[in-house]
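Descriptive analysis of the structure
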Amino acid sequence: MLLLAASSAIQAQQVYRCGNQYSSDPCGKGRVVDVSPPVRNLDAAGAAQVYLCVSNSGGRFWSSNHCRERGALIERIESVPAGLPWDQQVQIADQQTRQGYAVQRQVMSQRGASTPGTTGGDPSRCAHFNQQVEYYDRMARQPQSGVSQSWIAERRKEVRDAQFRARC
């Protein structure tokens, strides 16, 4: 009982930042620092990563393990809900991959189609770009490896660049 009371008192203690130092005592222009543990994933099921692998012979396959464990290279990593059957995870990953490739093709085709000096963008195209950016933002908020986060950031940047060129 005493230990429980002491631990709750420690957790309730505030920490102040005073210049370049931290203290449990308030200081002149110090500010309160949030020292609560970060919330990582509120979803009980969490997220899983599904790897699209390319074998040495060029064949593609989905794997729940890293591709190098199967002697293959990674083409894509998709974040899918954990706790679903494997077939459903692959179906979701396929859909995300098709969407990602469609955005890539669209971005590449727009690179050659942008015309300097035009103003204003097509509202439907601008809405599409906004949806794609929101999609990548949702993906980035999920727990991901560094490689996945980098891939997401690159795709998001490509969409934002295309959005800028389209004057949206």
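In what follows, the structure referred to is the one given above.
Residues numbered from 1 in each chain as written. Predicted model: local features only at pLDDT ≥ 70, side-chain atom pairs only at ≥ 80, totals over all residues. Heavy atoms only, no water.

**Here we look at helix α4 (residues 146-165)**
Given 3.6 residues to a turn, an α-helix orients residues that are three or four positions apart in the same direction. Inclusion rule: Numbering of helices and strands starts at the N terminus; helices are DSSP runs of H or I of at least 4 residues and strands are runs of E of at least 2. The length a helix should cover is 1.5 Å for every residue beyond the first. Accessibility here uses a 1.4 Å probe with only protein chains present; expressed as a share of the type maximum, an area under 20% marks a residue as buried, one over 50% as exposed, and anything in between as partly exposed. The directions considered for the arc run from the helix axis to the C-beta atoms.
When the terminal C-alpha atoms of α4 are compared, their 28 Å separation across 20 residues agrees well with the 28 Å that a helix rising 1.5 Å per residue should span. Among the residues of α4, S148, W151, I152, R155, E158, V159, A162 and Q163 are the ones counted as buried. Down the axis of α4, the smallest arc covering the buried residues is 140°, so these residues share one side. The exposed residues of α4 that point more than 90 degrees off its buried face are G146, K157 and F164.

**Some points on the nonpolar core**
Quick note on the threshold: We define a nonpolar core as any set of buried Ala, Val, Leu, Ile, Met, Phe, Trp, Tyr and Cys residues linked to one another through side-chain atoms lying within 4.5 Å. Two residues form a contact once any of their heavy atoms are found within 4.5 Å.
If you look at the biggest cluster of nonpolar residues, it comprises 12 residues: V103, V107, F129, V133, Y135, Y136, M139, W151, I152, V159, A162 and A166. If you list the elements that add at least two residues to this core, you get α2 (86-113), α3 (123-140) and α4. Looking at which element gives the most residues to this core, the answer is α3, with five residues. Every residue in contact with V103, bar those within four places of it in the chain, is listed here: Q132, Y136 and V159. Of all hydrophobic cores here, the second largest spans eight residues; its members include A48, V50, V90 and A93.

**Points about α3**
Its 18 residues place the ends of α3 26 Å apart at the C-alpha level, agreeing with the 26 Å of an ideal helix rising 1.5 Å per residue. Of the positions making up α3, those classed as buried are C126, F129, Q132, V133, Y135, Y136 and M139.

**Considering the packing of aromatic side chains**
Counted only if it meets this: Centre distance within 6.5 Å is the pairing criterion for rings of Phe, Tyr and Trp, where only the six-membered ring of Trp is used; planes under 30 degrees apart are then read as stacked, over 60 as edge-to-face, and the remainder as tilted.
Summed over all chains, the structure comprises two aromatic pairs. For the pair Y136 and W151, a centre-to-centre distance of 6.1 Å together with 75° between the ring planes defines the contact as edge-to-face. Of this pair, Y136 sits in helix α3 while W151 sits in helix α4; the two residues are 15 residues apart in sequence, bridging distant segments of the chain. On the basis of relative accessibility, which here comes to 17%, the residue W151 falls in the buried class. Within the aromatic cluster, the residues linked to one another by ring pairs are Y135, Y136 and W151.

**A short note on the state of the cysteines**
This is how it is decided: In this description, a disulfide is simply a cysteine sulfur pair whose atoms lie within 2.5 Å.
All chains considered together, the criterion is met by three disulfides. Disulfide partner of C18: C27, at an S-S distance of 1.9 Å. Taking the torsion about the S-S bond as the criterion, the C18 to C27 disulfide, at about -105°, is left-handed. With a relative accessible area of 22%, C18 lands in the partly exposed category. A sulfur-sulfur separation of 1.9 Å characterises the disulfide bridge that pairs C53 with C67. Its S-S torsion of about -85° marks the bond between C53 and C67 as left-handed, since a negative value means left-handed. You can see C53 sitting in strand β4 (residues 47-54) and its partner C67 sitting in the loop between β5 (60-63) and β6 (73-81), a full 14 residues away along the chain. According to the relative accessible area criterion, C53 is buried, its value standing at 0%. For the chain, the disulfide bridges join cysteines in the arrangement 1-2, 3-4, 5-6, where the cysteines are counted in sequence order.

**A look at the sheet that holds β4**
Put simply, the test is: DSSP calls a pair of strands paired once it identifies at least 2 bridges connecting them. Axes here mean lines fitted to C-alpha atoms, for a helix over just the part in contact, with angles spanning 0 to 180 degrees between N-to-C directions.
Reading across the sheet, the three strands line up as β5-β4-β6 and stay open at both edges, with antiparallel pairing between neighbours. The open sheet terminates on both sides in strands that have one partner only, identified here as β5 and β6. Neighbouring strand axes in the sheet, compared pairwise and without regard to direction, differ in orientation by 25° on average. Judged from the four bridges that link them, β4 and β5 form a sheet pairing that is antiparallel. Of the residues in β5, the one forming a bridge with L52 is W62.

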